[in-house]
Amino acid sequence: MSVTGETPVPSEGHELAEALRSVLRGEVYDDAVRRGIYATDASLYQQVPRVVAVPVDEDDAIAAIKFAHAHAVPITPRGGATSLSGQTFGTGMVLDLCKHMAQVLEVNVEERWAIVQPGVVRDELNARLKDARLHFAPDPATGNRATIAGMIGNNTCGTRSVVYGKTIDHVLEMRVALPDGTVCDFAPCDDAEWERRAQGQGVSEPEARLYAGLRDIIERHREVIHDRFPRVMRRVSGYNLDEFVDGAGYTGDIGPRAERNAGCRTWNLANLIVGSEGTLATILSAKVRLTPLPKATAVCVVHFRDLIESLAAVDAMLEHRPSTIELLDSDFITAAKVNPATRRMAGFIEGDPAAMQVVEFFGDTPEQAEAKARRFSEHMGERGIDVTRSVFADAQSQTDIWNTRKLGLGLISNVKGPIKGRDFIEDACVPTRHLAEYVGKVKRLCAEHGIDRVSIYGHASVGVCHVVPALDLHHARDVAKMKVIADQVFQWVMDYGGSWSGEHGDGQLRGRLLPRMYGDEVYGAFREVKRLFDPTGIMNPGKVVDAPPMDEDLRYRQNGYERSLDQLRPVYHHRAQGGFALAVEQCNGVGACRKTGGGTMCPSYMATRDEEASVRGRANALRLAMSGQLGAEPMDALASDGLHEVLSLCLSCKACKSECPNEVDMAKLKADAMQARHEKVGTPLGARLVGALPAIGGLLAGPLAPIANTVANAPALRQLRETFAGIDARRRVPRFARHHLRTLFDRRTPPAWATPPRGRVVLFNDTYANTMEPQVGMAAVELLEACGYRVTLANAGCCQRTRISQGLLRRAKADGLATLTRLAGYAKLGLPILCLEPSCASALVDDLADLMDDEHLDIAHLVRDHTHMIDAFLVDQGIAFAPAEGVEGVLLHGHCHQKAMFGTDAIRRSLGEGCTEVDAGCCGMAGSFGYEHHDLSEKIGEDRLFPAVRQATEQGRTVVACGVSCRHQLHDFLGVEARHWVQTVRPATPHP
């Protein structure tokens with residue numbers, strides 16, 4: 001089915017889903033929003049499934065497969081869905097094997113193997129193996145969310161394939177379910193054992209049929225298989241028939257294939273499942289080879305003045321036998337230096353080179369690895385490659401380099417507007433001796449078609465450079481360009497003896513060209529293999545063989561798609577991306593938000609492992625709604641119950657704004673959708689109460705506080721709160737203070753100086769400091785005065801964070817203008833405006849500016865340019881600090897907005913070696929989120945933060961958290977009284 005702007009997500013499938021629920025213990029989704037969320041991956045395509053099944057274990061997966069077979073429903077097994085070729089969606093049943101089937105079943109360190117379920121993430125497996133100095137070696141850039149089964153299905157290679165080869169070189173055995181649910185265990189066997197199995201000895205009848213059938217296919221086509229498979233190591237197109245024919249395909253000394261095939265020759269049906277992209281069977285578990293970690297590494301970064309020159313040097317570089325050579329072009333380099341996700345790691349880039357090659361070496365010792373890198377650098381100079389060369393032997397620099405490289409696709413596609421880098425010729429592999437000529441020809445071809453930007457990066461060491469032309473696939477003219485360019489480039493790749501896919505596979509994108517790549521006989525053998533394993537054709541149809549045209553099922557189609565977008569009425573301008581629609585489409589589906597175990601993005605996904613809880617899932621849901629694919633007018637779809645349910649678990653933490661390489665700001669997008677819902681169905685009481693918190697606090701703080709606090713937290717009122725406002729009865733709402741900050745400020749005795757030594761500053765007295773925690777505000781005043789500043793309270797009103805978080809954007813826009821106007825009075829005097837609360841600072845420097853219309857942008861930008869977090873301002877002024885009394889060791893938890901927009905470096909610098917920052921995501925409170933989602937809030941906190949805080953308090957350390965929500969979360973669940981930074985430091989040399 002081709003999905004266009006005029007074709008809504010189909011509603012059929014409800015009866016099928018009900019029947020599936022009767023046999024499946026896991027989740028079953030058949031609503032339009034969730035089916036639409038599973039309709040895409042990181043490719044250009046979209047196919048909407050009839051139903052989504054999420055099995056809880058192997059038996060459940062088999063039950064789902066048998067059900068689909070009985071009902072003739074196509075099956076698409078799905079892992080992390082980071083595919084660039086369109087393998088992980090289909091029109092039947094998508095089988096999500098990530099959420100529950102993600103257990104490491106067994107690890108044998110001595111024999112170096114592990115047995116894993118299909119949903120195990122590559123980096124999570126390797127984290128478990130780290131102490132044993134072992135790893136699963138294939139290392140794709142998506143390793144922090146790519147599943148082992150997905151890597152097997154795609155025959156993933158990665159950065160260091162020149163040493164480690166492809167995934168097929170690391171798969172030992174496999175347990176699979178055939179399309180009818182028959183379970184088979186594939187393992188190596190010699191010729192005699194193969195023959196016994198073909199005769200049905202020791203295996204089931206369906207499995208015997210596979211052994212006999214494949215033997216027959218190989219014998220009939222042996223000669224042409226030997227002759228037609230490309231002689232390049234990075235070939236992942238078609239089915240791996242070369243694994244069953246000696247001498248077929250790549251026979252060089254790069255990679256571990258020769259070692260794998262040494263000694264007694266064995267055959268393994270698992271090798272046919274590798275790279276089959278879910279078209280033959282469903283992987284239930286796999287036994288994989290584990291490889292020792294390199295003992296030491298060093299990197300030489302070679303800067304070039306010319307891109308083609310950098311590619312021409314690859315063969316000379318390979319003479320030094322590096323573990324990898326990774327190309328970064330000028331587009332990549334420029335983006336890396338400014339993108340929030342990478343700019344702090346981009347110190348390895350010197351100047352503005354046209355290209356860089358990152359060349360890594362292994363060694364038995366750090367000294368040996370560094371010596372190899374330095375000898376290589378010297379040799380480059382001797383060869384006349386007169387460029388800048390920098391050697392990095394320390395672990396942190398190398399980590400920064402590789403983390404930057406891993407975000408390549410996001411970096412080059414993070415541009416404003418609809419013209420973005422599109423992956424359709426990006427995966428070609430050509431022999432390295434032809435790389436420079438090949439890339440030069442492709443660049444000239446794109447220029448002839450009027451394409452101004454062609455980004456190039458990737459695995460130069462094995463001839464796989466990702467060439468990514470920039471197109472606008474909303475329009476037919478650019479779709480036509482894509483087809484013409486793909487056909488010409490394909491022919492060049494064939495002329496060079498290369499492979500049309502070097503690691504990303506065939507899928508819907510490249511399958512159509514397999515007959516031209518292999519010839520009719522080999523392609524016919526592929527189709528025979530498909531029929532042998534899948535007689536009814538239900539396993540991921542249209543992928544690998546019998547693929548549709550490359551311009552069918554495109555995600556963005558011109559037929560009505562843009563007309564739907566014209567009906568949107570967002571309140572934010574989304575200027576950074578060019579409007580609401582383009583801000584949604586900024587998500588390219590690569591799934592960086594699905595990472596776990598590090599960073600902040602995305603807290604609810606880390607806790608639930610639900611696709612709908614990822615930034616990608618929410619962006620897909622928003623795209624469907626705004627483009628008319630949910631069967632309603634865009635504004636109605638944005639207000640729908642289904643979309644609201646998906647967006648409700650977004651914590652608005654803004655981590656995606658900095659950790660997503662595409663800078664998708666889901667917090668803003670969610671707020672616009674909430675505003676649309678309020679206008680359609682009304683504003684719920686809970687949202688009105690949270691939005692009115694500044695006004696309520698102004699009334700109840702002070703003399704009424706004791707009564708208000710008692711009443712608000714009385715058991716009877718808690719239950720009423722939950723019933724009518726959605727605030728969980730287990731939560732105590734924040735207490736109001738008996739004195740406003742303004743009152744305490746006026747009562748203090750100010751410094752006696754006539755002229756402040758350091759001048760004057762304005763303290764933004766936010767709602768929380770004013771009415772709930774005036775002691776924090778007064779600590780800030782005392783700190784500033786001790787540093788030599790005269791303090792003025794802003795008294796400018798609310799930053800509107802509470803309204804923004806609830807989608808009350810029109811009111812926030814109006815009242816926010818008044819706040820900005822008052823603050824602009826200080827800014828015009830050149831006075832710094834200092835914030836205590838990170839979420840208030842982010843509202844002033846980011847949200848309010850994007851809410852303002854063009855005529856008020858000057859005021860918004862003036863305030864933005866004068867607004868600072870208090871810690872960053874003071875540290876930047878060169879003030880030295882010492883710990884306050886009783887503070888000897890600090891555990892710092894950075895607020896999400898603080899980490900996303902301002903950083904926590906200043907706090908760590910001010911507290912010195914006694915401060916460590918916990919590697920934790922969101923605390924789980926996130927404004928009102930923790931009051932509405934109590935259990936999930938606790939689960940998010942328990943991910944990393946709560947255990948670290950428990951340990952710190954046992955050690956007698958002070959916990960620092962600048963966010964008021966974070967402090968309340970730690971108090972509610974752990975009974976820990978965390979402090980704001982201003983309460984933990986004093987100037988080393990205070991002014992009298």
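Nothing here was measured: the structure is a model prediction, and the numbers come from that model.

Colleague: Any chance you could explain the overall build of the protein chain here in plain terms?
Modeller: Within the protein chain, the regular secondary structure consists of 47 helices and 27 strands. Taking 2.2 N^0.38 as the reference for a compact globule, 992 residues should give roughly 30 Å; the C-alpha atoms of the protein chain span a radius of gyration of 30 Å, in line with that estimate. Here the protein chain holds 992 residues, and 64% of them are scored as buried. By sequence separation, contacts in the protein chain at least 24 residues apart represent 76% of the contacts at least 6 residues apart. Taken as two groups, the 112 positive and 126 negative side-chain charges of the protein chain have centres that lie 4 Å from each other.

Colleague: Would you explain the side chain of His 170 in this entry?
Modeller: Tracing the backbone shows His 170 in the loop between helix 6 (161-164) and strand 8 (171-177). Judged by relative accessible area, which is 3%, His 170 ranks as buried. Side-chain polar atoms of His 170 contact the backbone oxygen of Tyr 164, separated by 2.7 Å. Apart from the residues lying within four places of it in its own chain, the contact partners of His 170 are Phe 136, Ala 137, Pro 138, Tyr 164, Lys 287, Val 288, Arg 289 and Thr 291.

Colleague: What am I meant to see in the packing of aromatic side chains here?
Modeller: Geometrically, a pair of aromatic rings is defined through the distance of the ring centres and the angle of the planes. Taken as a whole and assessed by the stated rule, the structure comprises 15 aromatic pairs. The interplanar angle of 80 degrees and the centroid separation of 4.8 Å between the aromatic rings of Trp 194 and Tyr 211 together place this pair among those described as edge-to-face. With Trp 194 in helix 7 (residues 191-198) and Tyr 211 in helix 8 (residues 205-228), this pair connects stretches of sequence that are 17 residues apart. Put simply, the rings of Trp 194, Tyr 211, Phe 244 and Trp 267 touch in pairs and so form one group of aromatic residues. One cation-aromatic arrangement involves Arg 34 over Tyr 29; the distance from NZ or CZ to the ring centre is 5.5 Å. Positioned above the aromatic ring of Trp 402 is the side chain of Arg 160, whose terminal nitrogen or guanidinium carbon lies 4.9 Å from the ring centre.

Colleague: Would you explain the environment of Arg 133 in this entry?
Modeller: Along the polypeptide, Arg 133 turns up in the loop between helix 4 (122-129) and strand 7 (134-135). The partly exposed category is assigned to Arg 133, whose relative accessible area is 42%. Taking C-alpha positions, Arg 133 is 46 Å from Ala 70, a pair spaced 63 residues apart along the chain. With sequence-adjacent residues up to four places away left out, Arg 133 is seen in contact with Thr 291, Pro 292, Leu 293, Pro 294 and Lys 295. Within the local environment of Arg 133, its side chain forms a polar contact with the backbone oxygen of Pro 294, the two atoms lying 2.9 Å apart.

Colleague: When you look at helix 47 (residues 964-974) in this model, what are you seeing that I'm missing?
Modeller: An α-helix turns once every 3.6 residues. As a result, residues three or four positions apart point the same way. When helix 47 is considered as a whole, its buried residues turn out to be Val 964, Ser 965, Cys 966, Arg 967, His 968, Gln 969 and Leu 970. Where helix 47 terminates, the next one or two residues include Gly 975, which has phi positive at roughly 70 degrees.

About the thresholds
Residues numbered from 1 in each chain as written. Predicted model: local features only at pLDDT ≥ 70, side-chain atom pairs only at ≥ 80, totals over all residues. Heavy atoms only, no water. Helix = DSSP H or I, 4+ residues; strand = E, 2+ residues; numbered from the N terminus. Rg over C-alpha atoms; globule rule 2.2 N^0.38 Å. Buried < 20%, exposed > 50% of the residue type's maximum accessible area, 1.4 Å probe, protein only. Contact = heavy atoms within 4.5 Å. Lys, Arg positive; Asp, Glu negative; His and termini not counted. Charge placed at Lys NZ, Arg CZ, Asp CG, Glu CD. Polar contact = N/O pair within 3.5 Å; in protein donor to acceptor, adjacent residues only side chain to side chain. Phe/Tyr/Trp six-rings, centres within 6.5 Å; stacked < 30°, edge-to-face > 60°. Lys NZ or Arg CZ within 6 Å of the ring centre and 35° of its normal.

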